[in-house]
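# A structural walkthrough
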Amino acid sequence: MKADVVVLGAGIVGVCAALHLQTRGRSVALVDRAGPGEGTSYGNAGLIERSSVVPYAFPRSVPTILRYALNRSSDVRYDPRDILRAVPFLFRYWRHSSPGNLAVAARAMLPLIEASVDEHDALIEAAEAGDLVRAEGWIAAYRDPRRFEQEVADAAALAPHGLRLSVLDSPAFAALEPSVRTGDGGISGALHWLDPKTVRDPGELTRRYARLFERRGGRILVGDAGSLHASGQGWAVRTGGGEVAAPDAVVALGPQSDTIFRTLGYAIPLGIKRGYHRHFTLPEGVALRHAVVDEEAGYVLAPMRQGVRLTTGVEFARSDRPADGRQIALAERKAREILDLGTPVEAHPWLGRRPCLPDMRPVIGPAPRHPGLWFSFGHAHHGLTVGPASGRLLAELMTGAEPFADPAPYRADRFGPR
Ligand SMILES: Cc1cc2nc3c(=O)[nH]c(=O)nc-3n(C[C@H](O)[C@H](O)[C@H](O)COP(=O)(O)OP(=O)(O)OC[C@H]3O[C@@H](n4cnc5c(N)ncnc54)[C@H](O)[C@@H]3O)c2cc1C
C-alpha cells in the first residue's frame, strides 16, 4: 500500500493531524495498535481549555514544594521508587517555570490555545459531533475564602487576554450547582470561565473525528508503530492490512512517542505525568451541571455520558508501573465532602499518561536528522484542547503552507542538536 503520509497514533493529536493533511490534498494512512481515541485521549477531563493561557508550571513557592514532598496531597503524588529517575525532568521543569521562562512558555502556547475552540468547532460541525459538546464553560471552585479572593485578583491580571469570566460568590455558585455543598467546609466562591467548551465523551469525539477522516477517504489501519523503518525515499510500517509506505511519516504516539524517537537516537526529554479517572452514578435528585475543578484538592468533576467523571491531578511514577489506587481514593474522599457521588460505575479506575516536555510545549515539526519524518507529541495537560490547532500547524509545515503560528517554539532540536 502507498500513501503520501503515514500518521502513527490515532489519539486526538494524530487524528487531527491526519484530517488537516487530508484537507490539504494528501492521501493519509492512520496507524494505531488499537482503535482511535483509546489512549490518553479516551480518559481526560473533557475541557477544551480556551482560558488556560498560562501552562501548568512547577511550583516555585517553598511551602507548596514541601507540601508535595510529604506526598499526601491529592493533586500531586509521586512514587518514591521512581523519584530519582524523574529528577532530571523535574529540574528542567522547575527551571522553565521561573516567572521569566513561564512567560515565554505562555507566549509560545498562546496561538494554539487561542485557536483551540474555533479549530474544534469546524471539526465538530463536519463530524456531526455537536451532541458531545457543551458551550457552558467550566468552574474553578475554591473552599478557602482567602484563596478565592487571591484568585479573583490574579484573574484580573489576565484581562488583556479578553477572556469571559463570571465571579461567583457562594450563593451564585449554589444557584448554578445546587447539589454541591457551599458554606462551611464547602465551596466559598468560584470563577466561571465562559470561553472553554466541554466534551461529554472525549474518546467518542476522537472517534467521530476519525470517522470523518474515513468518510473523506482516509484509511485507518491496525499496526505496531515500532515496525517503522526507512524504505526507499521514505518510510514504511507493517500493519494488519500489509505494509504501508509513504514519503512522509508522523510520530503522534503521545506518551509512547519515545518508542520511535529514542530508537532513532533523539534525546528529547519526554516525561510522563500520570492521572486517573473513575465515573460515578449520582443518586436520584443529585446533579452536576458543569465541569467543576476543586482547585485546592486538584481534581475535576465533569458530567460525562458514562456518569460524573472524577479525574485526578498528577502522579509521577514510571509509566509502566501498575495503577496505584491511592491518588484517586484521596480525590474521591475529598469530592465526597462537597458532592454525594453515589456509586462508582467501573470496578477499577482508568490510568492515563500525559506526555509532557519540561518547557511546557509540545514538539511539532520535522525530525532534525531524518528527512520525511515529523514529530507531534508532548501536548501534556492540553492535548484535547489544542489537538486540532496542532494538527493544522503540522499540516501547514508539511505542505509548505504559511503556518498560522510561529513554529519555532515547538522545534524538536530546541533541546540540543540530538
Ligand atoms: C487525567 C487526565 C485529564 C486530562 N484532562 C484534559 C483536559 O481536560 N483537557 C485537555 O485538553 N487535555 C487533558 N488531558 C491531556 C490529554 O488527554 C492529552 O494531552 C492527549 O490525550 C494526548 O493525545 P495524544 O494523541 O498525543 O496521545 P494518545 O491519546 O495517548 O494517543 C496516542 C496513540 O498512540 C497509540 N500507540 C502508542 N504506541 C503505539 C504503537 N507502538 N503502535 C501503534 N500505536 C501506538 C495509542 O494506542 C494511542 O491511540 C488530560 C490527561 C489526563 C491523563
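The structure displayed is predicted, hence computed values, not measured ones.

Parameters at a glance
- Residues numbered from 1 in each chain as written.
- Predicted model: local features only at pLDDT ≥ 70, side-chain atom pairs only at ≥ 80, totals over all residues.
- Heavy atoms only, no water.
- Pairing = 2+ DSSP bridges.
- Helix = DSSP H or I, 4+ residues; strand = E, 2+ residues; numbered from the N terminus.
- Axes fitted to C-alpha atoms, helices over the stretch in contact; angles between N-to-C directions.
- Contact = heavy atoms within 4.5 Å.
- Domains from an automatic or database assignment.
- Buried area = accessible area lost by both parts, 1.4 Å probe.
- Salt bridge = Lys/Arg side-chain N within 4 Å of Asp/Glu carboxyl O.
- Polar contact = N/O pair within 3.5 Å; in protein donor to acceptor, adjacent residues only side chain to side chain.
- Nonpolar A, V, L, I, M, F, W, Y, C, P; charged D, E, K, R; others polar.
- 1 Å grid on protein atoms, 1.4 Å probe; cavity = no way out; pocket = protein on both sides within 12 Å on 5 of 7 lines; lining within 4 Å.
- Points joined across faces, edges and corners; volume = space filled by probe spheres on them.
- Expected span 1.5 Å × (residues − 1).
- Bend = angle between axes of the 7 residues up to and from the residue.
- Near = heavy atom within 4 Å.

### Some details on the sheet that holds strand 23 (residues 373-377)
With mixed pairing, the six strands of this open sheet are ordered in space as 10-2-1-14-23-22. The sheet is open, and its two edges are formed by strand 10 (219-222) and strand 22 (363-366), each paired on a single side. Across this sheet, the average inter-strand angle for adjacent strands is 20 degrees, counted without regard to direction. As paired strands, strand 1 (residues 5-8) and strand 14 (residues 248-251) are joined by four bridges and run parallel to one another.

### Some points on the side chain of Ser 227
Its place among the elements puts Ser 227 in the loop between strand 10 and strand 11 (229-231). Setting aside its immediate chain neighbours within four residues, Ser 227 contacts Ala 236, Val 237 and Arg 238.

### Overview of the domain arrangement of the protein chain
Under the domain assignment, the protein chain is made up of domain 1 (1-57 + 97-133 + 196-270 + 357-418) and domain 2 (60-85 + 134-195 + 272-354). For domain 1 and domain 2, the distance between their C-alpha centres works out to 27 Å. Listed by partner, the interface residues are 33 residues for domain 1 and 28 residues for domain 2. Taken together, the two surfaces of domain 1 and domain 2 that pack against each other cover about 2,600 Å², and 59% of this comes from carbon and sulfur. For domain 1, the biggest contributors to the area lost against domain 2 are Tyr 42, Pro 196 and Arg 200; these three give 22% of the whole. Remark: the boundary between domain 1 and domain 2 carries one salt bridge. Asp 201 serves as the salt-bridge partner of Arg 305, at 3.3 Å between the closest nitrogen and oxygen. Our count for the contact surface shared by domain 1 and domain 2 stands at eleven residue pairs in polar contact (both at pLDDT 80 or more). At the level of secondary structure, the elements contributing two or more residues to the side of domain 1 that touches domain 2 comprise helix 2 (40-43), helix 5 (99-126), strand 9 (197-199) and helix 8 (202-215). Partitioned by chemical class, the residues of the side of domain 1 that touches domain 2 number 16 nonpolar, ten polar and seven charged.

### Some details on the layout of surface pockets
Its boundaries defined by the atoms lining it, the second largest pocket holds a volume of some 530 Å³. What lines the second largest pocket is a set of 17 residues, among which Arg 85, Leu 270, Gly 271, Ile 272 and Ser 319 lie closest to the centre. Of all the secondary structure elements, the ones that give two or more residues to the lining of the second largest pocket are helix 4 (83-96) and strand 15 (271-281). With four residues, the single largest contributor to the lining of the second largest pocket is helix 4. Each residue belonging to the lining of the second largest pocket can be placed in one class, and the counts come to nine nonpolar, two polar and six charged. Domain assignment of the residues forming the lining of the second largest pocket places at least three in each of domain 1 (1-57 + 97-133 + 196-270 + 357-418) and domain 2 (60-85 + 134-195 + 272-354).

### Here we look at the sheet that holds strand 12 (residues 234-239)
One open sheet holds the three strands; their spatial order is 11-12-13, and the pairing between them is antiparallel. Unpaired on one side and paired on the other, strand 11 and strand 13 (242-246) mark the two borders of the sheet. Adjacent strand axes in the sheet meet at a mean angle of 40 degrees when their direction is disregarded. Two strands pair when backbone bridges link them, and strand 12 and strand 13 are joined in this way by five bridges, in the antiparallel orientation. Bridging from a neighbouring strand, Arg 238 pairs with Glu 243 of strand 13.

### What about helix 5?
Residue pairs spaced three or four apart in an α-helix point in one direction, given the helix's 3.6 residues per turn. The terminal C-alpha atoms of helix 5 lie 40 Å apart, and with 28 residues this matches the ideal 40 Å at 1.5 Å per residue to within 8%. Maximal helix bending in helix 5 amounts to about 45 degrees, located at Ser 116.

### Concerning empty space enclosed by the protein
Under the defined criterion, the tally for this structure stands at two cavities of 30 Å³ or more. Empty space within the largest cavity amounts to approximately 170 Å³. What lines the largest cavity is a set of 19 residues, among which Pro 55, Tyr 56, Met 360, Ala 380 and His 382 lie closest to the centre. At the level of secondary structure, the elements contributing two or more residues to the lining of the largest cavity comprise helix 4 and helix 5. Taken together, the residues of the lining of the largest cavity sort by class into twelve nonpolar, five polar and two charged. Of the volumes computed, that of the second largest cavity is approximately 60 Å³. Ala 45, Gly 46, Arg 134, Thr 198, Val 199, Arg 200, Arg 289, His 290, Ala 291, Ala 302, Pro 303 and Met 304 are the residues that line the second largest cavity. Those elements that place two or more of their residues in the lining of the second largest cavity are strand 9 and strand 17 (299-304). In terms of residue count, the dominant contributor to the lining of the second largest cavity is strand 17 (three residues). Residues of the lining of the second largest cavity, tallied by class, amount to six nonpolar, three polar and three charged.

### Some words on the site of the ligand
The full set close to the ligand counts 30 residues, and Asp 32, Thr 40, Ser 41, Ala 380 and Thr 385 are the nearest of them. Ile 12 has a polar backbone atom sitting 3.3 Å from an oxygen atom of the ligand. Arg 33 is positioned with one of its backbone polar atoms (N or O) 3.1 Å from a nitrogen atom of the ligand. Here the element with the most residues in the shell around the ligand is helix 11 (residues 383-399); it accounts for three residues. Residues of the shell around the ligand, tallied by class, amount to eleven nonpolar, 15 polar and four charged.

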